[in-house]
Amino acid sequence: MKKTYFTSALMLALTSGTLFAQTLATVNGQAIDSSVIDDQVASVRASNPNVQDTPELRQMLTERQVISTVVTQEAKKLKLDQSAEFKTALEQARADAAKQGADKKATFKTEWAVFENDLLGQAFAAHIVRQYPVQEKDVKAAYNDFSNFYKGTQEVQLGEIVTDSSSNAQKAIADLDAKKSFVSVLNQYSIDEAAKKAGGIPKAYVPLKDLQESAPPLYAAVKDLKKGAHTKTPLQNGNLYAVFYVNDRRNVTVPSYETAKNEIGSDLQAARVDAAIQSLLKKASIKVNK
């Protein structure tokens, strides 16, 4: 129910295109070769054969590699890779891999390169946290914002019936109007098999304030509905039509400062690391081959 303070690092918008070029991208003059992504795809599929080699997977891996390259470049510029802490962690990880026999795997070279870059990324994050520590006054200010945001508001427990046509959604609404149970209407009209198996109503409650920010049409549709009521007009999303049912609604309980402070502090630290990475991305010279 809490407002999230952590803002995920914005993934670089890479234009998808053919992936047969030798150099997929350059980051501050450093090339990202197609063979790197080939190896990462092979490693991912070795870990989970159900994962398919798709353009979307390759684009995601390329985006991750661009961000990783920018961060590791900065970490090395700061000489974080030369710190005793980093070297010790790297040596211990290598020893553990040898002990487990992981270094004998065909994909180990690729996995180790990813791990080493991730470890440098962690070192960079720790550096930012040390350079820009979160003070108690920052946590208190964030808590006050959080508390004021939710104070006096409500949250809802929503059931959703997803249909593949407007007519089926209207039939579902008519059945709910006729006082048929939500579960029976769900089972008859929903195309979401997972929702049917789970009973259609998640245990989690959603604050109306969150819906107001993230899904205005849904907020407008359910904000005034009482417990047991449902939307009278289907909400369309592409070719899907949804009917929402308010299984319950209650006041939002704002946790005390003592209860929330540690998590808020962690979120603020993560946000500062995220801001530092975004700053590096904005300053970097990134060229993507189409």
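Residues numbered from 1 in each chain as written. Predicted model: local features only at pLDDT ≥ 70, side-chain atom pairs only at ≥ 80, totals over all residues. Heavy atoms only, no water.

How we decide: UniProt positions are given in the numbering used here, feature names are shortened, and annotations may be inferred rather than shown by experiment.
Looking at an unreviewed UniProt entry, the protein chain carries the name peptidylprolyl isomerase, with the source organism given as Neisseria flavescens NRL30031/H210. For the protein chain, the Catalytic activity (unreviewed entry) comment in UniProt is given as "[protein]-peptidylproline (omega=180) = [protein]-peptidylproline (omega=0)". Database annotation for the protein chain, UniProt heading Sequence similarities (unreviewed entry): "Belongs to the PpiC/parvulin rotamase family."

1. A word on helix α3 (residues 84-100)
Where we set the bar: Only DSSP runs of H or I reaching four residues or more are called helices, and only runs of E reaching two or more are called strands; each is numbered from the N terminus. One less than the residue count of a helix, multiplied by 1.5 Å, gives the span that helix is expected to have. Each residue gets one of three labels from its accessible area relative to the maximum for its type: buried under 20%, exposed over 50%, partly exposed in between, using a 1.4 Å probe on protein chains only. Here the arc refers to the directions that run from the helix axis out to each C-beta atom. Two residues form a contact once any of their heavy atoms are found within 4.5 Å.
Between its first and last C-alpha, α3 extends 24 Å over 17 residues, near the 24 Å set by a 1.5 Å rise per residue. For α3, the set of buried residues is Phe86, Leu90, Ala93 and Ala97. Axial view of α3: buried residues confined to an arc of 65 degrees, hence all on one face. Residues of α3 that are exposed and angled more than 90 degrees away from the buried face: Ala84, Glu85, Thr88, Glu91 and Lys99. Each element contacted by the buried residues of α3 is listed here: α4 (108-131). Trailing α3 by a residue or two, Gly101 shows a phi angle of about 80 degrees, which is positive.

2. Comments concerning the sheet that holds strand β3 (residues 154-163)
This is how it is decided: A strand pair is defined by DSSP finding two or more bridges across the two strands. Orientation is described by axes fitted as lines to C-alpha atoms, over the contacting stretch for helices, and by angles from 0 to 180 degrees between their N-to-C directions.
Across the sheet, four strands lie side by side as β4-β3-β6-β5; this open sheet has antiparallel pairing. Across the chains shown, the open sheet's two edge strands, defined by having one partner strand only, are β4 (206-207) and β5 (235-237). Bridge analysis of β5 against strand β6 (residues 240-251) gives three bridges, and the strand direction is antiparallel. Paired with Asn237 across the bridge in β6 is Leu240. The strands touched by helix α6 (residues 166-177) are β3 and β6; relative to β6, the strand with the most contacts, the crossing angle is about 35 degrees. Packed on one face of the sheet, helix α7 (residues 182-189) meets β3 and β6 and runs near 35 degrees to β3.

3. Remarks on the packing of aromatic side chains
As a reminder, the rule being used: Stacked, edge-to-face and tilted labels apply to pairs of Phe, Tyr and Trp rings (six-membered ring for Trp) whose centres lie within 6.5 Å, assigned for plane angles under 30 degrees, over 60, and everything in between, in that order. Definition used: whenever NZ (Lys) or CZ (Arg) falls within 6 Å of the ring centre and also within 35 degrees of the ring normal, the charge is taken to sit over that ring.
One pass over the full model with this rule turns up seven aromatic pairs. For the pair Phe149 and Tyr150, a centre-to-centre distance of 4.8 Å together with 90 degrees between the ring planes defines the contact as edge-to-face. As far as burial versus exposure is concerned, Phe149 and Tyr150 are alike and both buried. An aromatic cluster of at least three residues, connected via ring pairs, comprises Tyr143, Phe146, Phe149, Tyr150 and Tyr257. Positioned over the ring face of Trp112 is Arg94, at 5.0 Å from the centre of the ring. Arg250 extends its terminal NZ or CZ atom over the ring of Tyr205, reaching a point 3.5 Å from the ring centre.

4. As for the pattern of salt bridges
Oppositely charged side chains may form a pair once their charged atoms are brought near each other. Definition in use: Any carboxyl oxygen of Asp or Glu within 4 Å of a side-chain nitrogen of Lys or Arg constitutes a salt bridge here.
According to the stated counting rule, one finds 13 salt bridges in the structure shown. Note that Asp103 and Lys104 form a salt bridge whose closest N and O atoms lie 3.5 Å from each other. We classify Asp103 as partly exposed; its relative accessible area is 25%. With a shortest N-O distance of 2.7 Å, Arg250 and Glu155 are connected by a salt bridge. With a gap of 95 residues between them, Arg250 in strand β6 and Glu155 in strand β3 connect regions that are remote in the sequence.

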